[in-house]
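Notes for the structure review
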Amino acid sequence: ILVIAAGAYALTQYEDKKENTPVQYSSQNTGEARQESFQESVVYRVATEEDYSNFEEIIAKNQMIQALPENSKIILSFYKFEGDQRILEKSYLLSEGSIKEGSIEDFDIKLIMHSKYITVLNENNFCQIIQLAKQNSDFGTTTGISKVSLLWKYKGVLGYKDCLGL
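Given the structure is predicted, the values throughout are model-derived calculations rather than measurements.

This part takes up the sheet that holds strand 4 (residues 109-114). Strand order in the open sheet made by the 5 strands is 3-2-1-4-5, with mixed pairing throughout. Two strands in the sheet have a free side with no partner beyond their single neighbour: strand 3 (98-101) and strand 5 (139-143). On average, each strand axis in the sheet is inclined to that of its neighbour by 25°, with strand direction left out of account. Packing of helix 3 (residues 49-60) onto the sheet brings it into contact with strand 1 (74-82), strand 2 (85-95) and strand 3, and relative to strand 2 it is tilted by some 30°.

Shown next, in the form of structure tokens:
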């Protein structure tokens with residue numbers, strides 16, 4: 001009974017405050033709300049050569065790409081589905097402020113994402129798109145070096161670990 005009374009009292013106090021003061025949310029809660037509204041507003045289409053060309057320009061300007069170490073070896077690959085088969089479309093090597101089409105076998109990090117996300121990418125939403133693709137199970141990551149080596153090599157971009165799907 002005491003628990004119920006305390007709960008009722010807390011609820012009335014909350015209702016009184018709600019009318020007089022703005023409710024503040026933690027960044028985690030607002031991030032989730034923004035993610036949901038962003039996802040609802042996204043319209044996907046099949047990626048074209050123009051989308052890939054735009055991607056190269058957009059990603060080279062991204063703050064995270066600019067902050068990568070000079071000797072970074074990150075592969076970002078895009079795929080699509082034909083029937084029930086996953087078809088690799090294009091791969092890019094990302095390093096400090098640059099992007100080159102192609103792939104290498106001795107990568108540090110390999111990111112793979114459905115190509116439909118490239119059609120909604122812009123200069124400011126790269127991390128948000130990665131998180132959305134991850135949430136929708138359209139994103140995967142693998143590492144080619146140990147976690148300790150990754151932490152040391154990419155210590156300057158640890159703030160962007162969510163952008164790398166880690």
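Our focus in this paragraph is the nonpolar core. The biggest cluster of nonpolar side chains holds 31 residues, and the ones touching the most others in it are F55, I74, F78, L94 and M113. It is helix 5 (residues 126-135) that provides the largest number of residues to this core, a total of 5 residues. For F55, the residues in contact, after removing those within four places along its chain, are L76, F78, Y92, I99, I118 and L121.

On inspection of all chains with the given rule, the structure shows 8 salt bridges. Between D106 and K73 there is a salt bridge whose closest N-O contact spans 3.0 Å. In this pair, D106 is assigned in the loop between strand 3 and strand 4 and K73 in the loop between helix 4 (63-67) and strand 1, connecting sequence segments 33 residues apart. Here K80 makes a salt bridge to E89, at a shortest N to O gap of 3.7 Å. Overall, E89 belongs to the partly exposed group, its relative accessible area being 26%.

A few words on unusual backbone geometry. For S137, which is not glycine, the phi dihedral falls at a positive 60°. Locating S137 in the fold gives a position in the loop between helix 5 and strand 5. Residue classification places S137 among the exposed positions, given a relative accessible area of 62%.

Moving on: the side chain of S77. Among the secondary structure elements, S77 is positioned in strand 1. Here S77 falls in the buried class, since its relative accessible area comes to 1%. With sequence-adjacent residues up to four places away left out, S77 is seen in contact with L88, K90, S91, K110, L111, I112 and M113.

Moving on, we get to the packing of aromatic side chains. Within the structure shown, the criterion is met by 6 aromatic pairs. Ring centres 5.8 Å apart and planes at 75° place the aromatic pair Y52 and F78 in the edge-to-face group. Here the residue Y52 occupies a position in helix 3, and F78 occupies one in strand 1, the gap between them amounting to 26 residues. We classify F78 as buried; its relative accessible area is 0%. Measuring from centroid to centroid gives 6.3 Å for F78 and Y92, while their planes differ by 75°, and the two rings are edge-to-face. Of this pair, F78 sits in strand 1 while Y92 sits in strand 2; the two residues are 14 residues apart in sequence, bridging distant segments of the chain. Both residues of the pair, F78 and Y92, belong to the buried class. Through a chain of ring-to-ring contacts, three or more aromatic side chains come together here, namely Y52, F55, F78 and Y92. We note K155 situated over the ring of W152; from NZ or CZ to the ring centre the distance is 3.9 Å.

Scoring rules and cut-offs
Residues numbered from 1 in each chain as written. Predicted model: local features only at pLDDT ≥ 70, side-chain atom pairs only at ≥ 80, totals over all residues. Heavy atoms only, no water. Pairing = 2+ DSSP bridges. Helix = DSSP H or I, 4+ residues; strand = E, 2+ residues; numbered from the N terminus. Axes fitted to C-alpha atoms, helices over the stretch in contact; angles between N-to-C directions. Contact = heavy atoms within 4.5 Å. Core = buried A, V, L, I, M, F, W, Y, C linked by side-chain atoms within 4.5 Å. Buried < 20%, exposed > 50% of the residue type's maximum accessible area, 1.4 Å probe, protein only. Salt bridge = Lys/Arg side-chain N within 4 Å of Asp/Glu carboxyl O. Phe/Tyr/Trp six-rings, centres within 6.5 Å; stacked < 30°, edge-to-face > 60°. Lys NZ or Arg CZ within 6 Å of the ring centre and 35° of its normal.

All quantities given are derived from atomic positions and should not be read as evidence of function.
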